[in-house]
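# A structural walkthrough
So you can see what is in the structure, the chains are spelled out below.
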Amino acid sequence: MRRLGVLVIAASLAIGVVQMTPAQATTVGARIGPWSVTAVTESSVSIAGQGMATVQRGSGSYLLTRGNGSVPTDLRSRGWIHIGDPSSWRGYVLDAYQGSSSAGSVLFSLTDAQGHRSDFTHRLVPGELYNNSFTALTPDGQWFAAGEWGTVSRLLVFATPGLNPRASRTGDLALAATMSLDRPVRDVQGCAFATSTTLICSTNDPGSDLYPTPRQLLSIRLGRALDGTAARGSVSYLGEAPAPPGPAYSPAGEVEGIDVRGTTVTVAVNAPYPHRDDTFTYTLGLTNSSAG
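A brief report on the enclosed structure follows. The structure displayed is predicted, hence computed values, not measured ones.

### Examining unusual backbone geometry
Both trends apply: most residues other than glycine have a negative phi, and most peptide bonds are in trans. Although it is not a glycine, Arg 90 adopts a positive phi angle of roughly 50 degrees. Within the secondary structure, Arg 90 sits in the loop between β7 (87-89) and β8 (92-98). Residue Arg 90 is classed as exposed on the basis of its relative accessible area of 60%. Look at Arg 215: it is not a glycine, yet its phi comes out positive at around 50 degrees. When you line up the elements, Arg 215 lands in the loop between β16 (198-203) and β17 (216-222). On the accessibility criterion, Arg 215 (21% relative accessible area) is partly exposed.

### Considerations on the packing of aromatic side chains
With the rule as written, the count across this model stands at four aromatic pairs. With centroids separated by 4.9 Å and ring planes inclined at 65 degrees, the aromatic side chains of Phe 108 and Phe 144 adopt a geometry described as edge-to-face. Taken together, the residues span a long stretch of sequence, with Phe 108 in strand β9 (residues 105-111) and Phe 144 in strand β12 (residues 143-146) at a distance of 36 residues. Here Phe 108 falls in the buried class, since its relative accessible area comes to 1%. By the ring-pair criterion, three or more aromatic residues cluster together here, those being Phe 108, Phe 144 and Phe 158.

### Here we look at the pairing of β9
Judged by how many residues are buried, β9 sits mostly within the fold: seven of seven residues are covered. Residues Ser 105, Leu 107, Ser 109 and Thr 111 point to one face of β9 and Val 106, Phe 108 and Leu 110 to the other, with burial holding for every one of them. Relative to β9, β8 runs antiparallel, the two being bridged by five bridges. Counted as the bridge partner of Tyr 97 is Leu 107 from β9. What sits between β8 and β9 in their antiparallel hairpin is a turn of six residues.

### Side note on the pattern of salt bridges
All chains considered together, the criterion is met by ten salt bridges. A salt bridge links Asp 95 to Arg 66; its shortest N-O distance comes to 3.0 Å. Residue Asp 95 is located in strand β8, and its partner Arg 66 is located in strand β5 (residues 60-66); the two are separated by 29 residues in the primary sequence. Arg 66 shares its class with Asp 95; the two are buried. Measuring nitrogen to oxygen at the nearest pair gives 2.9 Å for the salt bridge that ties Arg 117 to Asp 119. Of the residues examined, Arg 117 reaches a relative accessible area of 26% and is grouped as partly exposed. Residue classification places Asp 119 among the partly exposed positions, given a relative accessible area of 24%. The network of salt bridges with shared partners includes Asp 74, Arg 78, Arg 117 and Asp 119.

### Description of the sheet that holds strand β14 (residues 177-186)
Pairing is mixed across the open sheet formed by eight strands, whose spatial order is β11-β12-β13-β14-β18-β17-β16-β15. The open sheet has two free edges, formed respectively by β11 (135-137) and β15 (188-195), since each of these has just one partner strand. Direction aside, neighbouring strands of the sheet carry axes that sit 25 degrees apart on average. In the sheet, strand β13 (residues 151-159) pairs with β14 via six bridges, with the strands oriented antiparallel.

The rules behind the values
- Residues numbered from 1 in each chain as written.
- Predicted model: local features only at pLDDT ≥ 70, side-chain atom pairs only at ≥ 80, totals over all residues.
- Heavy atoms only, no water.
- Helix = DSSP H or I, 4+ residues; strand = E, 2+ residues; numbered from the N terminus.
- Buried < 20%, exposed > 50% of the residue type's maximum accessible area, 1.4 Å probe, protein only.
- Phe/Tyr/Trp six-rings, centres within 6.5 Å; stacked < 30°, edge-to-face > 60°.
- Pairing = 2+ DSSP bridges.
- Salt bridge = Lys/Arg side-chain N within 4 Å of Asp/Glu carboxyl O.
- Axes fitted to C-alpha atoms, helices over the stretch in contact; angles between N-to-C directions.

Below is the structure:
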């Protein structure tokens, strides 16, 4: 996995930055695939229960989270009721929104470093689902991958509006290509690029029929960097996603979004009933280079 430098978490920057408190430390040091758990923090599902992205600001960075309460009022009033796992590039933040199951489109919003938001609507093509679970910006910011729901054998690829000149500037965002996968994946909640040709993804797959365990962390390796043409990805199982710490949170919670920066992976997991107000954020440090 490519080293992208040491991250400085500036917890006092910008709205949406979460002041987290330490959760039970029973899982710190546990091995998950090629990583070990270095920290577990607890916060509210309303601000952290959908995912996160590391946002660069000058020489530092901070962890921006998204939860059920992160949908802006103006978008909610227009029917965009769900926000997905975001991604970020050089201070820009790209969010994914979806409406009801009868919606004929999804929405992507790009917010620049000054806080100005631009909205782009993608009209669904035949066969495309209304779900809009995440965005994953490429390391050059020119393209991003997005995901649907259920058992699928593809991800969707778009030109990044406002950053890629091939993207429309009118507010309508067309599908650029699809990324076909050599193995199916189920209920992918988030993906993030570790390198230009490797994504790390988190799933809330409840079954173990596709991979050795439910709720997996997966890698998708591409033959080349995204360029707006059809792509192919090879899927590999990395390990089982973390579960909320302690017997009070059994059974496993709902795995949500993921962020990758250098050798550090961050995964959000929502606690199950009756603790549904809790989101646990796991920080994983790479101990084996096989992840990327």
